[in-house]
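What the coordinates show
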Amino acid sequence: MQANGAAENREPDVSCRNGAPNGDSSSSGAAHSNGPLPAINNGSAAISSGGGAVEGAAGARKKKHLSQSEEDVIRLIGQHLHDLGLNKTVDLLMKESGCRLEHASATKFRNHVLDGEWDKADSDLNELKALMHSPSAVVRMKFLLLQQKYLEFLEDGKVLEALQVLRAELTPLKFNTERIHILSGYLMCSHAEDLRAKAEWEGKGLASRTKLLDRLQSECSLSNPAPFQPFASLRKHSYLPPSVMLPPRRLHTLLKQAVELQRERCLYHNTKLDGGLDGGLDSVSLLLDHSCSRKQFPCYTQQILTEHCNEVWFCKFSNNGTKLATGSKDTTVIVWQVNMETQQLKQIRTLEGHAYGVSYLTWSPDDTYLIACGPDDCSELWLWNVQTGELRTKMSQSHEDSLTCVAWNPDGKRFVTGGQRGQFYQCDLDGNLLDSWEGVRVQCLGCLSDGRTVLASDTHQRIRGYNFEDLTDRNIVQEDHPIMSFTVSKNGSLALLNVATQGVHLWDLQDRVLVRKYQGVTQGFYTIHSCFGGHNEDFIASGSEDHKVYIWHRRSELPIAELTGHTRTVNCVSWNPTLPGLLASASDDGTVRIWGPAPFLDVEEAEGFGNAGLNSNCCSMDS
C-alpha cells in the first residue's frame, strides 16, 4: 500500500374507418416480401357465401369499437405480415378490423417507386403534399427520387437522359447544390461498377429502390451528405405522418427497442446486445423477459496468482486483452499470458531491477512496450519491450525528480510522465525530452484521443487539460478533496476519480460536471486505482481499503457486487478489454486475483433466460 501526501403528436385519423370504405386502390401486384403493397379496399360490405341470410347475419353483427392503440397494433401487425409476403392474410385482417394499412395515395406512391415509375411517383407526391407535416418536404423527397432516377440512367448507359435529369429536374429544385456537383461528377464514371463504387449505391433494382423507399418513409433529411455518400449524412426531418404511411419495419423496430431497454435495465447484462437497434432478433426469445443471473458476472475467483513475494501495487491488462502486467513492491513486473478460451493466466516473463518497487504500469497503444514507474521517491522510469523482454529506455531527468505516473500519446511514439516535484515531461521512446511543463505537482496523468490534450491531476484537488502545441491549459475537474488517481473512458468523455475520504466519482469531461458518486468503497489517503469495464464499459470497479473489490453499474450509485477474498487493501483493479467477464485485482496481501463467472452454469443461465428462481439475481434499474 502506498501512502501519498417522449412521445410525438398524433395526426388526424386517416388510417382507420371502422365500417367505412377506405378509398380506391390503384395498384395490384404479386405478393412478395419486398414487392409492391396491394391497395386494400376495406369496405363494410359483407362477404356473401351464396345466401342472403348469411349476408344479413354478417351485416347485423356489431363490430367492436377499436381504440387508437388497438388500431395502431393492427396496422403494425399488418405491415409485418406484408413484409413476410402474407398479403392475403393482410387483406383479411384489414377487412375484419375495418382498418387500412396506409393511405391509398401512399400505396400508389410505394408501388410506383418500387416499379421505377418516376414520373408517376412524382405525381403521387403532389397528392400526398397536403398530408405532410411540412409541405416543403416535397422538395427534399423529389430530390431523393430524382437522384435515384439519375443514377439508374447512368448505370444503363443513358448519359443524355441522365444529363437531362440533372439539368432540367434536379438543378431547378435549387436544393443541395453541393450534392448536385457531386452527382455531376458521376458522369465521368467509365462503367457501372465504377459508378456503384463511387456513389456507394447498390445499383438499379429492387434493393436500392426499397432502401430509397425506407428513407422516404423515415424521418430524415438529405441536408449535407458527405462526398460519395448519398444517404450517409441524414438529419431528422418529418415527411409523411405515420397515420398516412408507417415507418419501415415499425413493429420490428419496437421489438428491438423493447429488448434493448430490458437489457439496459439489467444490472448484470455483460454481453453484446445482439438484439439491439443495430442487430437482429433471431438470437433472442420474445416470449420471455430478459434475465441475467449474477452467476454470469465476474464475481467468482477463477485463479489466484501468488508469484509476487510482496505487496502488489498495480495490475493492467494489455489493450488487446491477451496479457496482464502486475507490478509489486518486490521490485518486479510480471507479464502473464491470457488464454482467451479457458481464460486462465500463465506467467511468461519477469522484468526486474525496479529498485523502489513498481506502483504504476501502462501499455503502449500497440501493446509492444510497457512503461513502469515507482512510488514518490523514485526518479526513474523503465520502458520495456514486452515481446523481447529487453529494457529499451531507463529514463531519469534528475535525482531530485519524481516520475510516478505516465500516459501514452495515442500515436504510440510519445509519452508524458511526471510526479509531485513540480513538473511533467513529454518524451520520445528513447527517453529524449521533447517538452516540459513546469510548476505542476502531478498525481496522475492521461492523454485524450485527440493526441494534443494531456490531463493531469495535481495537488490543488483538480484535473487540468494541457496542450503542448499551443501551450494552453484549462481547468476541467475541481474536487474538494485530493484526487488520488483517475482513469478516462475509451471515448474520452468520462473520467473516473478515486477521491481521498470520498470514494469513487464519475465526471463528464465535456460538460465538466460531476455525474455520480458511487457508494460503499473505503478510500482514505492511499492510492487506489479504479477502472471502467465490461461490455460497452457499462460497469465500474474499484479496490478498497476494506479488502474488497466493489463493482457498480455505471448508472447506479449502489454496488451490484462486493467481491471478497483478499486479506489486505486492494490497490488496483483492471477489466479485460476484450473478455468482458474477466477482471483482475491486486492487493497488499501479495496476490492477484482473477475474477470470472461461476464455473458451472446451466443452459438457461448461460443463455441469459433464467427461470423464476433466477430472476431475483437480476435487478431492474431505473435510469
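Residues numbered from 1 in each chain as written. Predicted model: local features only at pLDDT ≥ 70, side-chain atom pairs only at ≥ 80, totals over all residues. Heavy atoms only, no water.

1. Description of the overall build of the protein chain
Helix and strand content of the protein chain: 12 helices and 30 strands. Taken across its 623 residues, the protein chain has 51% of its residues classed as buried. About 28400 Å² of surface is accessible on the protein chain, with carbon and sulfur atoms providing 48% of the total. (Helix = DSSP H or I, 4+ residues; strand = E, 2+ residues; numbered from the N terminus. Buried < 20%, exposed > 50% of the residue type's maximum accessible area, 1.4 Å probe, protein only. Areas by Shrake-Rupley, 256 points an atom, 1.4 Å probe, with all protein chains shown as cover.)

2. Remarks on the pairing of strand 22 (residues 503-508)
In terms of burial, strand 22 is a largely internal element, six of the six residues being buried. Bridge count between strand 21 (residues 494-499) and strand 22: six bridges; the pairing is antiparallel. Its bridge partner being in strand 22, Val 499 is matched across the sheet by Gly 503. Summarising the sheet, strand 22 and strand 23 (residues 513-518) pair through five bridges and their orientation is antiparallel. Note that in strand 23 the partner of His 505 across the bridge is Lys 517. (Pairing = 2+ DSSP bridges.)

3. Comments concerning the UniProt feature "repeat: WD" (unreviewed entry) in the protein chain
Feature annotation in UniProt places "repeat: WD" (unreviewed entry) on residues 305-346, 351-382 and 563-595, given in this structure's numbering. Each end of residues 351-382 is marked by a C-alpha atom, and these two atoms are 10 Å apart; helix forms 0% of the span and strand 38%. (UniProt positions renumbered as here; feature names shortened; annotations may be inferred.)

4. Observations regarding the packing of helix 6 (residues 137-155) against helix 8 (residues 177-185)
Relative orientation of the contacting elements helix 6 and helix 8 amounts to 10 degrees, with a least axis distance of 11 Å. One finds that helix 6 runs roughly parallel with respect to helix 8. Only Arg 179, Ile 180, Leu 183 and Ser 184 of helix 8 make contact with helix 6, whose side of the interface consists of Phe 143, Gln 147 and Tyr 150. Across the contact of helix 6 with helix 8, the residue classes break down as four nonpolar, two polar and one charged. (Axes fitted to C-alpha atoms, helices over the stretch in contact; angles between N-to-C directions. Parallel < 35°, antiparallel > 145°, perpendicular 65-115°, else oblique. Contact = heavy atoms within 4.5 Å. Nonpolar A, V, L, I, M, F, W, Y, C, P; charged D, E, K, R; others polar.)

5. Some remarks on the sheet that holds strand 15 (residues 433-438)
Taken in spatial order, the four strands of this open sheet run 12-13-14-15, and their pairing is antiparallel. Each edge of the open sheet carries a strand with a single partner, namely strand 12 (405-408) and strand 15. Averaged over all neighbouring strand pairs, the angle between strand axes comes to 20 degrees, with direction disregarded. In the sheet, strand 12 pairs with strand 13 (residues 414-418) via four bridges, with the strands oriented antiparallel. Each bridged residue has a counterpart across the sheet, and for Trp 408 the counterpart in strand 13 is Phe 415.

6. Observations concerning helix 8
Residues of helix 8 that are buried include every one of Arg 179, Ile 180, Ile 182 and Leu 183, and no others. The arc that holds the buried residues of helix 8, viewed along the axis, is 160 degrees, so those residues lie on one side. Exposed positions of helix 8 whose direction lies more than 90 degrees from the buried face are Thr 177 and His 181. Considering only its buried residues, helix 8 is in contact with helix 6 and helix 7 (159-170). (Arc of directions from axis to C-beta.)

7. Details of the pairing of strand 5 (residues 323-328)
Most of strand 5 is tucked away: five of the six residues are buried. Pairing between strand 4 (residues 312-317) and strand 5: five bridges, direction antiparallel. Note on strand 5: the bridge partner recorded for Val 312 is Ser 328. Pairing between strand 5 and strand 6 (residues 333-338): five bridges, direction antiparallel. Bridging across to strand 6, Gly 327 finds its partner in Val 333.

8. Topic: the environment of Arg 568
Mapping Arg 568 onto the fold places it in the loop between strand 27 (561-563) and strand 28 (570-575). Along the chain, Arg 568 and Ser 587 lie 19 residues apart, while their C-alpha atoms are 6.3 Å from each other. Excluding residues within four positions of it along the chain, Arg 568 makes contact with Glu 311, His 547, Ser 587, Asp 588 and Asp 589.

9. With respect to the sheet that holds strand 18 (residues 462-467)
Within a sheet, each strand pairs with its neighbour through backbone hydrogen bonds, oriented either parallel or antiparallel. Spatially, the four strands line up as an open sheet ordered 16-17-18-19, and their pairing is antiparallel. What marks the edges here is a single partner per strand, and that holds for strand 16 (442-447) and strand 19 (472-478). Neighbour-to-neighbour, the strand axes of this sheet turn through a mean angle of 25 degrees, independent of strand direction. Note: strand 17 (residues 453-458) against strand 18, five bridges, orientation antiparallel.

10. Looking at the packing of aromatic side chains
Scanning the model with the defined rule gives 14 aromatic pairs in all. Geometrically, the ring pair formed by Phe 314 and Tyr 360 is tilted, given 4.8 Å between the ring centres and 50 degrees between the ring planes. Remark: Tyr 360 occurs in strand 8 (residues 360-363) and Phe 314 occurs in strand 4; sequence separation between them is 46 residues. Side by side, Phe 314 and Tyr 360 carry an identical accessibility label, which is buried. Between Phe 539 and Trp 575 the ring centres are 5.9 Å apart and the planes differ by 20 degrees, which places this aromatic pair in the stacked class. Remark: Trp 575 occurs in strand 28 and Phe 539 occurs in strand 25 (residues 539-542); sequence separation between them is 36 residues. Phe 539 sits in the buried class, given a relative accessible area of 0%. Connected via pairs of aromatic rings, a cluster forms that spans Tyr 268, Phe 297, Phe 539 and Trp 575. (Phe/Tyr/Trp six-rings, centres within 6.5 Å; stacked < 30°, edge-to-face > 60°.)

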